[in-house]
Amino acid sequence: MIVGCGALGCPSADLLARAGVGRLTLIDRDLVEISNLHRQTLYTDADAKAQLPKAQAAKDRLESVNPEIEIHAIVADFGSYDAERYLLHEKLAKPDILIDGTDNFETRFLINDLSVLHDIPYIYGGAIGTKGMAAVLIPGETPCLRCLLNAPPPPGSEPTCEAAGVFAPVSAIVASYQASEALKLLIGARERVMASMLEFDLWEGARRRIELEPLKDPKCPCCAKRRFEFLDREDEETISICGRDAIQINPHNRIPIEMAHLAQALSEQGTFETTAFMLKGRLNDEAVGLTVFRDGRAIFDGITDPALARSLYARYIGC
Ligand SMILES: [Zn+2]
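A brief look at the structure comes next. Quick caveat, the model's predicted, so the values are computed rather than measured.

Here we look at the overall build of the protein
And then number 1: Summing up its helical and strand segments, the protein has 11 helices and 14 strands in all.
And then number 2: The C-alpha atoms of the protein give 20 Å as radius of gyration, which agrees with the globular expectation for 319 residues (20 Å, within 12%).
And then number 3: Each principal axis of the C-alpha atoms in the protein carries an extent, and together these give about 60 × 45 × 40 Å.
And then number 4: Residues counted as buried form 50% of the 319 residues belonging to the protein.
And then number 5: Sequence separation of 24 or more characterises 62% of the internal contacts of the protein that already satisfy a separation of 6 or more.
And then number 6: A total of about 15,200 Å² of accessible surface is found on the protein, and carbon and sulfur atoms cover 51% of it.

Structure, rendered in structure tokens:
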């Protein structure tokens, strides 16, 4: 299972699909944008113009590369509310490996909780600016992510990829490392899996390895005390989307949207089109774009005020 189909998820999914890994599950909540194309190697200009969901565009591309494997696309937020349900999907077997293609620490700590709770190796990866890092975290053997970091860095303390950008070759290297370690685990070559965390700076030409074993924390809240705080926590219902003026509302206790019904109701309020994945358009009375997904998640483009987004959600979609 690859969580996040961006700069890391694209190359690792590509390598694993071409290697013939039998089943891939791809999860991503975003749509392909032009600004993604320099580093998110599964997508094309046409995907961006069609505003396809990344998970679906990645699935389509990989199926054309290797039609003999099974690929599942999940267009959704990987948050504490649903993550475990996606992991233990009733129609799919439990994944053998969790691969990190995310761009934020909240989701990484959630993946770490799931990895430890369900005993699934977690291949951590990160890319920011010209720096990259990766590590294989195996429950019961190596430290977990909370042994290494304990908690996500406070907001604003670390550069984000929106602010600092990502030098595209960095993410390709991190993803190649992740795919390489995944292939070793999948063929049973456990003894060949790297026992250290890799850190490098491609601009400086610097590289170091940090032995994982000594970092195992006997008091770790997750792998020692088995408290799964990120899985138990409530998702933020309203989040600002970095790098563009947009607010996402992902209501709790949501029920699937009746798309035809909503399309009918919204047709009187603006100009909307329905695709296989979402309903998208602009409202007449507000200077905002609105995208609504089947699971009830909505993105308001052109605003930065969360309270306004919540009130528009209540007005146009319902509670
Ligand atoms: Zn731990």
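And the narrative resumes.
What to know about the environment of Ala-73
And then number 1: Its place among the elements puts Ala-73 in strand S3 (residues 70–75).
And then number 2: Accessibility expressed as a relative area gives 25% for Ala-73, which makes it partly exposed.
And then number 3: C-alpha separation for the pair Ala-73 and Arg-282, spaced 209 residues apart in sequence, amounts to 27 Å.
And then number 4: Ala-73 has contacts with Leu-26, Ala-55, Gln-56 and Lys-59, leaving out every residue within four places of it along the chain.

Description of the pairing of strand S13 (residues 289–293)
And then number 1: S13 sits mainly inside the fold: five of its five residues count as buried.
And then number 2: Of the two faces of S13, both are covered, the one formed by Gly-289, Thr-291 and Phe-293 as well as the one formed by Leu-290 and Val-292.
And then number 3: Where strand S12 (residues 278–283) and S13 come together, five bridges link them in antiparallel fashion. In the strand pairing of S13, Lys-280 is matched with Thr-291.

Quick notes on the side chain of Asp-77
And then number 1: Mapped onto the fold, Asp-77 is located in the loop between S3 and helix H4 (83–87).
And then number 2: Asp-77 gets classed as buried once you look at its relative accessible area, which sits at 12%.
And then number 3: One polar contact links Asp-77 to Gln-248, side chain to side chain, over a distance of 3.0 Å.
And then number 4: A polar side-chain atom of Asp-77 sits 2.7 Å from a polar atom in the side chain of Asn-250.
And then number 5: The contacts of Asp-77, once residues within four sequence positions are left out, are Arg-29, Asp-82, Tyr-86, Gln-248, Asn-250 and Arg-297.

What about the coordination of the zinc ion?
And then number 1: Coordination sphere of the zinc ion, protein contribution only: Cys-144 (SG), Cys-147 (SG), Cys-220 (SG) and Cys-223 (SG), at 2.3 Å.
And then number 2: Considering all four donor atoms around the zinc ion, angles at the metal cover 96 to 125° and the coordination shape is tetrahedral.

Some points on helix H10 (residues 259–266)
Residues three or four positions apart in an α-helix share a direction because the helix packs 3.6 residues into each turn.
And then number 1: For H10, the set of buried residues is Met-259, Leu-262 and Leu-266. Taken around the axis of H10, the buried residues stretch over an arc of 65°, which confines them to a single face. Exposed residues on H10 whose side chains face more than 90 degrees from its buried face are Ala-260, His-261 and Gln-264.
And then number 2: In this structure, the buried residues of H10 make contact with strand S11 (270–274), S12, S13 and helix H11 (306–316).

Description of the sheet that holds strand S6 (residues 131–137)
And then number 1: One open sheet holds the eight strands; their spatial order is S3-S2-S1-S4-S5-S6-S7-S8, and the pairing between them is mixed. Looking at strand neighbours, the two that pair on one side only are S3 and strand S8 (206–211), the edges of this open sheet.
And then number 2: Alignment of strand S2 (residues 23–28) against S3, held across six bridges, turns out to be parallel. Following the sheet pairing, Leu-26 is matched in S3 by Ala-73.
And then number 3: Against the sheet, helix H8 (residues 168–186) contacts strand S4 (98–100), strand S5 (122–128), S6 and strand S7 (196–201), and its axis sits at roughly 170° relative to S5.

Focus on H11
And then number 1: Buried within H11 we find Ala-309, Leu-312, Tyr-313 and Tyr-316. Around the axis of H11, the buried residues are gathered within 105° of arc, so they sit on the same side.
And then number 2: Of the surrounding elements, those touching the buried residues of H11 are strand S10 (246–249), H10, S12 and strand S14 (298–301).
And then number 3: For H11, the capping residue at the N-terminal end is Asp-305, with a side-chain oxygen 3.0 Å from the backbone nitrogen of Ala-307.
And then number 4: Trailing H11 by a residue or two, Gly-318 shows a phi angle of about 105°, which is positive.

Brief notes about the nonpolar core
And then number 1: Core analysis: the largest hydrophobic core is formed by 30 residues, its most contacted members being Met-1, Phe-78, Leu-98, Leu-114, Tyr-124 and Leu-137.
And then number 2: Only H4, helix H5 (105–118), S5, S6, helix H6 (145–149) and helix H9 (229–232) provide two or more residues apiece to this core.
And then number 3: If one sorts the elements of this core by residue count, H5 sits on top with five residues.
And then number 4: Leave out the neighbours within four places in its chain, and Leu-137 touches Ser-115, Pro-121, Tyr-122, Tyr-124, Thr-142, Pro-143, Cys-144, Leu-145, Leu-148 and Leu-212.
And then number 5: Residues Ala-13, Ala-17, Ala-182 and Val-193 belong to the second largest nonpolar core, which totals 27 residues.

Some details on the sheet that holds S10
And then number 1: What the six strands build is an open sheet, ordered S9-S10-S14-S13-S12-S11; its pairing is antiparallel. Two strands in the sheet have a free side with no partner beyond their single neighbour: strand S9 (238–241) and S11. On average, adjacent strands in this sheet sit at an angle of 20° to one another, irrespective of strand direction.
And then number 2: The pairing of S10 with S14 spans four bridges and is antiparallel. Pairing of Ala-246 across the sheet is with Asp-301, part of S14.
And then number 3: Taken strand by strand, H10 contacts S11, S12 and S13, and its axis lies near 10° from that of S12.
And then number 4: Those strands touched by H11 are S9, S10, S12 and S14, and its axis lies near 55° from that of S10.

Basis of the calculations
Residues numbered from 1 in each chain as written. Predicted model: local features only at pLDDT ≥ 70, side-chain atom pairs only at ≥ 80, totals over all residues. Heavy atoms only, no water. Helix = DSSP H or I, 4+ residues; strand = E, 2+ residues; numbered from the N terminus. Rg over C-alpha atoms; globule rule 2.2 N^0.38 Å. Buried < 20%, exposed > 50% of the residue type's maximum accessible area, 1.4 Å probe, protein only. Contact = heavy atoms within 4.5 Å. Areas by Shrake-Rupley, 256 points an atom, 1.4 Å probe, with all protein chains shown as cover. Pairing = 2+ DSSP bridges. Polar contact = N/O pair within 3.5 Å; in protein donor to acceptor, adjacent residues only side chain to side chain. Donors = N, O, S within 2.8 Å, 3.2 Å for Na, K, Ca; no water. Tetrahedral: all angles 85-135°; square planar, octahedral: opposite > 155°, others 65-115°. Arc of directions from axis to C-beta. Axes fitted to C-alpha atoms, helices over the stretch in contact; angles between N-to-C directions. Core = buried A, V, L, I, M, F, W, Y, C linked by side-chain atoms within 4.5 Å.

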